[in-house]
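Below, each chain spelled out in residue letters.
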There are 2 protein chains.
Amino acid sequence: MSRETTTDLYEVTMALSYLREGMTQPATFDLFVRDLPPERGFLVAAGVEHVVDYLTDYRLGSEHIQDFASVLHRPPEDLEPLLGITFDGDVRAVPEGRVVLGGEPVLEVTAPLPVAQLVESYVLNQVSHQTALASKAARCVLAAEGHPVVDFSLRRTHGIEAADHAARAGAIAGFSATSNVAAAVELGLPAVGTMAHSYIEAFGPEEAAFRAFADAHPGPVTLLVDTYQTEQGVRTAAQLLRSLGNATGSAIRLDSGNLEEEARLARRILDAHGLPEVRIVVSGGLDEYAIDALVRAGAPVDIYAVGTRVGVSADAPYLDTAYKLVAYDTRPVMKLSTGKVTAPGPKQVFRRNGCEDVVALAEEAAPARSSPLLRPVVREGARIGPAPDLQHIRDRCVADIAALPGEARRITDPTPLHSSTSPRLRALTDRVRRHIRATYLPRTSP
Amino acid sequence: MSRETTTDLYEVTMALSYLREGMTQPATFDLFVRDLPPERGFLVAAGVEHVVDYLTDYRLGSEHIQDFASVLHRPPEDLEPLLGITFDGDVRAVPEGRVVLGGEPVLEVTAPLPVAQLVESYVLNQVSHQTALASKAARCVLAAEGHPVVDFSLRRTHGIEAADHAARAGAIAGFSATSNVAAAVELGLPAVGTMAHSYIEAFGPEEAAFRAFADAHPGPVTLLVDTYQTEQGVRTAAQLLRSLGNATGSAIRLDSGNLEEEARLARRILDAHGLPEVRIVVSGGLDEYAIDALVRAGAPVDIYAVGTRVGVSADAPYLDTAYKLVAYDTRPVMKLSTGKVTAPGPKQVFRRNGCEDVVALAEEAAPARSSPLLRPVVREGARIGPAPDLQHIRDRCVADIAALPGEARRITDPTPLHSSTSPRLRALTDRVRRHIRATYLPRTSP
């Protein structure tokens, strides 16, 4: 399926109309999250690199024209004004891994109006869901307080693409590994895995299953101990690990029941067998809330494996993102729809002291001791500089989160950070609003 | 990215151990949803056709062996037992579009143990999320009570694959169209679209924007009326539609504010302009709850466009699915993990009188007036018969939902339907449980 036809039909019909009217001057669109979900104190930007790849490859060929014509029930000739369109505009974006707040542009696209419009659907999709996943993953890392967190979400994400993005979002946020082989290979991440309950059941006795696994995989092993009855499973695992001689790097996994109690029991049994080096991995419906509860209870858990709830960002499965026209042909624009008012004009976000952010006009000078968050990533359709590597993105994320105030990092009931608006942006917003009311609305309007 | 490496690492390590032990007898795995989310009274099976395509194409080549070796940090020779593996087993599945309940197998895979294990992650992923999306979409169709529902979710789904699956899930459930061009082309669905607020803003005055759109797109148009102020927007649209002569098939779209009030206002204005044929489309954060409220209030809405909340199944973004070994080498197996006990043995679901379902052993005779839900779809690695077309799947879905009792179809607080278990399956479950306790557990266990 071609990515150029991965678009809402209205992008095509609008672009055709723009071309017909000769409206091909530069337009600027801001992509931002209106308000954070109540369960989030901050967001982590992600998806930008996929957007850059998409835009720099974008080209409408005759096969796309044919598809557009077919769904519009029009002759292909009517669609020919679109033929050969490439993305020849500029993009500024918040680098992936950086913290962003509600109302701040994550990405700003400036391109000929029809072009900037045509790419909307894909750009919104990628930044929205990848930012949602990275923000969720970051909270798991915070909750784990230094314990490794690993991604086990492949089986329950919304498709395979989403699984790969969940693995990447986890890596950005600081996860130590993923179970997803394809993602591990593509992204250069460590791959991890243990065994399923089915493995034990296929053998029948746990002892036989554990021994066969160790035979097939010399070196550290992780043994799943809760298939029949956890206490006995841990004892059987401990005996097997003792018999192997070196248990360094090996672990047992708990996947059901009261994980705090089971972890304490398992730790006692392992220690009693002289295996203090054997680690305890927990899994099964975990998210940042469950991790936080285990950490606060002092449960002797070494590694947290998160899956479904994190891979679908279950408590906030979408972000209220928008891709809004803020300027056309140098004229700042906005809409006044109830609850959806947008601020006009190309923008910049200036950050100082951690996350004291000011949303300002792009042309404004940076306030003292601040630095701009939006950086040029595409110029005239070409990528600026190489894609940053994942380690670099992760380092940025860790540094940004470390600088956040405690109330935004809190797992339960976080207080969302808010940016402020520069006086010049506020003044422009008022001026454009007054202009719209005076020019386009009847005098009786409020 | 290759689909063969889209797997959890543990599938690979388990398969290697099975091959080393010569454990290649047939294994049967059941894929089922443990319990329905509280917001669901029934589910609609989906994703089966993608699974069939995947399994019938599955082949582990040297490039996959190389990837497995690299993430395991082992020499490729160690992975060679996997080389050339294809899916050579059988699959029975609930046909897509059919209603399924908690605890009922949606799909049953029987294949040599390593093979049935290797395909787990992909199979679970596809059936889980597509069934979640189709079930959500079906509730929107129920809520709309005959009004068309269309899919606008592309911009907010968890990736592009998820968007295509959301469009397909909507079509299965009875949506009338999608905004997603690529999905419309691929699936042969009607594509629909209107215009964005940015379109109006680029022109400035609404009148100019509406006229330009009608000029570029002869025939019916849908005009977005809430960019600045809805009442005036509707009046401007009404004047434009009057001036076009024939307004049949045309519509206005409301995307913000109190949609019930705005729809009543818009209807009055359109009717006052002699435009009773112009329809009202509403969008903006809609789901089955919002549609239900509008329908119950008697709001004069003609078409419901659903996006984000439906495309991510926001109130139930995942299903509690499992892919569980139920038999190996003709021996029925189960696990006893707390809260995760599974029923052993290959199964069949017998349905009568709508959804009075009995989960039974596959070998049992069908109860009177019942028919089996699981049908063979793959035999010895080959697809059985052609893929059903989307219209056929949709017809099945509509018929199944029509036969559901009202309490399961209810939008708010639905009562989930439960299947019963045949006496023979109950007896087998008890026998296997006793056998496990007697054989694998110490006498002191409960």
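Note: the structure precedes this text.
Remember, predicted model here, so these are calculated numbers, not experimental data. (Residues numbered from 1 in each chain as written. Chains lettered and ligands numbered in written order. Predicted model: local features only at pLDDT ≥ 70, side-chain atom pairs only at ≥ 80, totals over all residues. Heavy atoms only, no water.)

**Q** Is there a simple way to explain the sheet that holds strand 18 (residues 382-383) of chain A in this structure?
**A** Sheets are built from strands that pair by backbone hydrogen bonding, the pairs being arranged parallel or antiparallel. Residue and element names in this part refer to chain A. Strand order in this open sheet of 7 strands is 13-12-1-5-3-17-18, and the pairing throughout is antiparallel. The open sheet terminates on both sides in strands that have one partner only, identified here as strand 13 (331-332) and strand 18. One ladder, built from 2 bridges, connects strand 12 (residues 321-328) with strand 13; its direction is antiparallel. Bridge pairing in strand 13 places Tyr328 opposite Arg331. Sheet contacts for helix 6 (residues 120-144): strand 1 (26-33), strand 5 (105-112) and strand 12; angle to strand 12, the most-contacted strand, approximately 135 degrees. (Pairing = 2+ DSSP bridges. Helix = DSSP H or I, 4+ residues; strand = E, 2+ residues; numbered from the N terminus. Contact = heavy atoms within 4.5 Å. Axes fitted to C-alpha atoms, helices over the stretch in contact; angles between N-to-C directions.)

**Q** In this structure, what is going on with the packing of helix 2 (residues 48-57) of chain B against helix 6 (residues 120-144) of chain B? I would like to understand it.
**A** All names here are of chain B. With their axes 9 Å apart at the nearest point, helix 2 and helix 6 run at an angle of 165 degrees to one another. Here helix 2 is positioned roughly antiparallel relative to helix 6, judged by the angle of their axes. Read as a crossing pair, helix 2 and helix 6 show a hand that is right-handed. Facing helix 2, whose interface residues are His50, Val51, Tyr54 and Leu55, helix 6 presents Tyr122, Val123, Gln126, Val127 and Gln130. Its residues assigned to classes, the contact of helix 2 with helix 6 comprises 6 nonpolar, 3 polar and no charged. (Parallel < 35°, antiparallel > 145°, perpendicular 65-115°, else oblique. Left-handed = near helix turned anticlockwise from the far one by under 90°. Nonpolar A, V, L, I, M, F, W, Y, C, P; charged D, E, K, R; others polar.)

**Q** For this particular structure, what's the right way to read helix 3 (residues 62-72) of chain B?
**A** Given 3.6 residues to a turn, an α-helix orients residues that are three or four positions apart in the same direction. Every buried residue of helix 3 of chain B is accounted for by B:His64, B:Ile65, B:Phe68, B:Ala69, B:Val71 and B:Leu72. Close packing links the buried residues of helix 3 of chain B with helix 8 (181-187) of chain A together with helix 1 (9-20) and helix 4 (76-79) of chain B. (Buried < 20%, exposed > 50% of the residue type's maximum accessible area, 1.4 Å probe, protein only.)

**Q** Which parts of the structure should I look at to understand the sheet that holds strand 14 (residues 347-352) of chain B?
**A** Residue and element names in this part refer to chain B. In spatial order, the strands read 16-14-15-19; together these 4 strands make up an open sheet with mixed pairing. Sheet topology places strand 16 (371-372) and strand 19 (420-421) at the edges, where each strand pairs with a single neighbour. With 2 bridges joining them, strand 15 (residues 356-361) and strand 19 adopt parallel strand pairing. Bridged to Val358 within strand 19 is Ser420. Most of the contacts of helix 17 (residues 423-440) go to strand 15, to which it runs at about 45 degrees, and overall it touches strand 14, strand 15 and strand 19.

**Q** What exactly am I supposed to notice about helix 10 (residues 206-216) of chain A here?
**A** All of the buried residues in helix 10 of chain A are A:Glu206, A:Ala209, A:Phe210, A:Ala212, A:Phe213, A:Ala214 and A:Ala216. In this structure, the buried residues of helix 10 of chain A make contact with helix 9 (197-203), strand 8 (222-224) and helix 11 (230-244) of chain A together with helix 1 of chain B.

**Q** Please explain the side chain of A:Ser153 as it appears in this structure.
**A** Relative to the assigned elements, A:Ser153 resides in the loop between strand 6 (149-151) and helix 7 (160-173). For A:Ser153, the contacting residues outside a window of four places in its chain are A:Ala166, A:Val306, A:Gly307, A:Thr308 and A:Gly311.

**Q** Explain the pattern of salt bridges to me, please; I cannot follow it from the model alone.
**A** Evaluated as defined, the whole model comprises 58 salt bridges over all chains. Across the pair A:Arg383 and A:Glu49 runs a salt bridge whose closest N-O atoms are separated by 2.8 Å. Note that A:Arg383 is positioned in strand 18 and A:Glu49 in helix 2 (residues 48-57), a separation of 334 residues in sequence. Residue classification places A:Arg383 among the partly exposed positions, given a relative accessible area of 26%. A residue is classified by how much of its surface remains accessible, and A:Glu49, at 11% relative accessible area, is buried. The partner of B:Arg156 in a salt bridge is A:Asp320, and the shortest N-O contact between them spans 3.6 Å. In this pair, B:Arg156 sits in the loop between strand 6 (149-151) and helix 7 (160-173) while A:Asp320 sits in the loop between helix 14 (308-311) and strand 12, so the two residues belong to two different chains. Judged by its relative accessible area of 11%, B:Arg156 is buried. Taken together, the shared-partner salt bridges connect A:Arg40, A:Lys136, A:Arg139, A:Glu288 and A:Asp315 into one network. (Salt bridge = Lys/Arg side-chain N within 4 Å of Asp/Glu carboxyl O.)

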